[in-house]
Amino acid sequence: KTMAGETASCMMFANAESAPESFTYMESYVRERLAAGLTPHQLLLSFNVSSSVQEEFALGARGGADEAVVLSALLVRWVSRVQDVDLSRELVRAAIDGDAEAVGELLHAGAPWDALDDRGHSAGSHAVARGHVHAYKLLIDSGARAVLREENKGGGAGGHFCGENERYLTQVLHFEESRILDAERRPVMMEWETQLMRAHADLLCAPSATHRQAANFESASGGEMRAAADRDVLNIGFGLGLIDRMLQEARPRSHTIVEAHPDILAVMQQEGWGKRPGVRVLAGKWQDELPPLCERSKRGEGPPFDSIFFDTFAEGIDELRRFHALLPDLLRPGGVYSFFNGIAAHDAFLHGVFCEALRRELLALGFRRVDFVPVSVVHPKPHVWEGTSLRHWWHFDQYQMPACYR
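Draft legend 1. Spatial organisation of the overall build of the protein. Each helix and strand counted, the protein has 17 helices and ten strands in total. By the burial criterion, 50% of the 406 residues in the protein qualify as buried. A fraction of 70% describes how many contacts in the protein between residues 6 or more apart in sequence connect residues 24 or more apart.

Okay, structure coming up:
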């Protein structure tokens, strides 16, 4: 079966990731054809290259470079470009058909896991819509591995406004009755999220039997999860204070809050959060406030927290992964961690890819179990979005709540 179309150029390279090998093979082929009497122009035409590639060769050849090397570099780039288009098209077709065997072969051949059709719909979204579970799982696996291969630079892939935290921290916020909006009328936090915060708070301090069963939680000593009164909890990102009020209801032994935005810090001061028993407010970015705690942990004090929740604004999966690298020095064995899971909330397939990538990353960091517990969502009424610059960013009927046990 020809997976990349019928052109000789596409069949020449089975794996798009082996660029050095592709160049070596191409150079050998080009020198062989030139020695056989083929002209560079004839060789280019045999690959059906565009006129721009022919012009590039003419320029390179006039510069005195080795013709075979110039030809090889141009042809490898051209083949890769054509192969990507053909493989993407075939992968989308296989996903639509639910042909898991073809999906696997195409991914192995170098097809991009996030291949799109002409209308911008991904192969994965087609598999989701048609219930092709095996094909979907193969695409999720390929996507998760690709995400984890990417260097963690903090650029912020994975959602709206990601990687814009520095700009957000300089903006004047608008505090309205049931929401906080930034200077561009983007929702920082909204009251409809209370239902999700309640689920997180239950998980962190007093999980229901349903959550215990879903996560199969056992403490380090083999018993029930410790009561909130014996727990030290950490929340990164105060916002409207929804989850922090819920955590206070459970009366934890200590309650640390990291918040960086000066306007929210001012509200917290007015409400007296820093004076509440057991509450400590760290005014600053988590990137600055938490590493010193990690250093103390490494010096022998041990991780300081039993429960941790992460919910910042204008940060994406890259920043989240950077935070995850700190968890072994922040979360005690037997502790529980969760984060607000709004990553790629516009696309069920991409959401699944990022969830799987993060699950694998946390397991590699030493977590015993990482689950995504489905929580039913009551969608907010349309008027909730009035006056914002973003409408209905949440598109799922169920929220996949991360339940991560160390």
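Draft legend 2. Inspection of the nonpolar core at higher detail. Leu290, Ile308, Phe323 and Tyr337 are the most contacted members of the largest nonpolar core, which has 54 residues in total. No other element matches the seven residues that helix H17 (residues 348-364) contributes to this core. Setting aside residues up to four positions removed in sequence, Ile308 forms contacts with Leu204, Leu234, Ile236, Phe323, Leu327, Leu330, Leu331, Val336, Tyr337 and Ser338. Grouped together as the second largest cluster of nonpolar side chains are 42 residues, Met190, Trp192, Leu196 and Ala199 included.

Draft legend 3. Focus on the sheet that holds strand S1 (residues 174-176). If you trace the three strands from one edge of the open sheet to the other, you get S1-S2-S3, paired in antiparallel fashion. With partners counted over all chains shown, the strands left at the sheet margins are S1 and strand S3 (187-190), one partner each. Strand-to-strand twist in this sheet, taken as the mean axis angle between neighbours without regard to direction, amounts to 10 degrees. By the bridge criterion, three bridges tie strand S2 (residues 179-181) to S3 in an arrangement that is antiparallel. Note that in S3 the partner of Leu181 across the bridge is Pro187.

Draft legend 4. Spotlight on the packing of helix H6 (residues 100-108) against helix H8 (residues 133-149). As a packed pair, H6 and H8 sit with axes 8 Å apart at the nearest point and diverge in direction by 15 degrees. For the element pair H6 / H8, the angle class is roughly parallel. Crossing angle aside, the handedness with which H6 passes H8 is right-handed. Counting all contacts with H6, which are made through Ala100, Val103, Gly104 and Leu107, the residues of H8 involved are His134, Ala135, Leu138, Leu139 and Ser142. Residue composition of the contact of H6 with H8, by class: six nonpolar, three polar and no charged.

Draft legend 5. Broad picture of the packing of aromatic side chains. Under the definition given, this model contains twelve aromatic pairs. For the ring pair Tyr337 and Phe339, a centre distance of 5.9 Å and an interplane angle of 35 degrees mean the geometry is tilted. Considered together, Tyr337 and Phe339 belong to a single accessibility category, that of buried residues. Here Tyr337 and Phe367 contribute two aromatic rings whose centre-to-centre distance is 6.4 Å and whose plane-to-plane angle is 55 degrees, an arrangement assigned as tilted. A residue pair is termed long-range when its members are at least 10 positions apart, and Tyr337 in strand S8 (residues 331-339) and Phe367 in the loop between H17 and strand S9 (369-376) qualify at 30 residues. The exposure classification of Tyr337 matches that of Phe367, with both residues buried.

Thresholds applied
- Residues numbered from 1 in each chain as written.
- Predicted model: local features only at pLDDT ≥ 70, side-chain atom pairs only at ≥ 80, totals over all residues.
- Heavy atoms only, no water.
- Helix = DSSP H or I, 4+ residues; strand = E, 2+ residues; numbered from the N terminus.
- Buried < 20%, exposed > 50% of the residue type's maximum accessible area, 1.4 Å probe, protein only.
- Contact = heavy atoms within 4.5 Å.
- Core = buried A, V, L, I, M, F, W, Y, C linked by side-chain atoms within 4.5 Å.
- Pairing = 2+ DSSP bridges.
- Axes fitted to C-alpha atoms, helices over the stretch in contact; angles between N-to-C directions.
- Parallel < 35°, antiparallel > 145°, perpendicular 65-115°, else oblique.
- Left-handed = near helix turned anticlockwise from the far one by under 90°.
- Nonpolar A, V, L, I, M, F, W, Y, C, P; charged D, E, K, R; others polar.
- Phe/Tyr/Trp six-rings, centres within 6.5 Å; stacked < 30°, edge-to-face > 60°.

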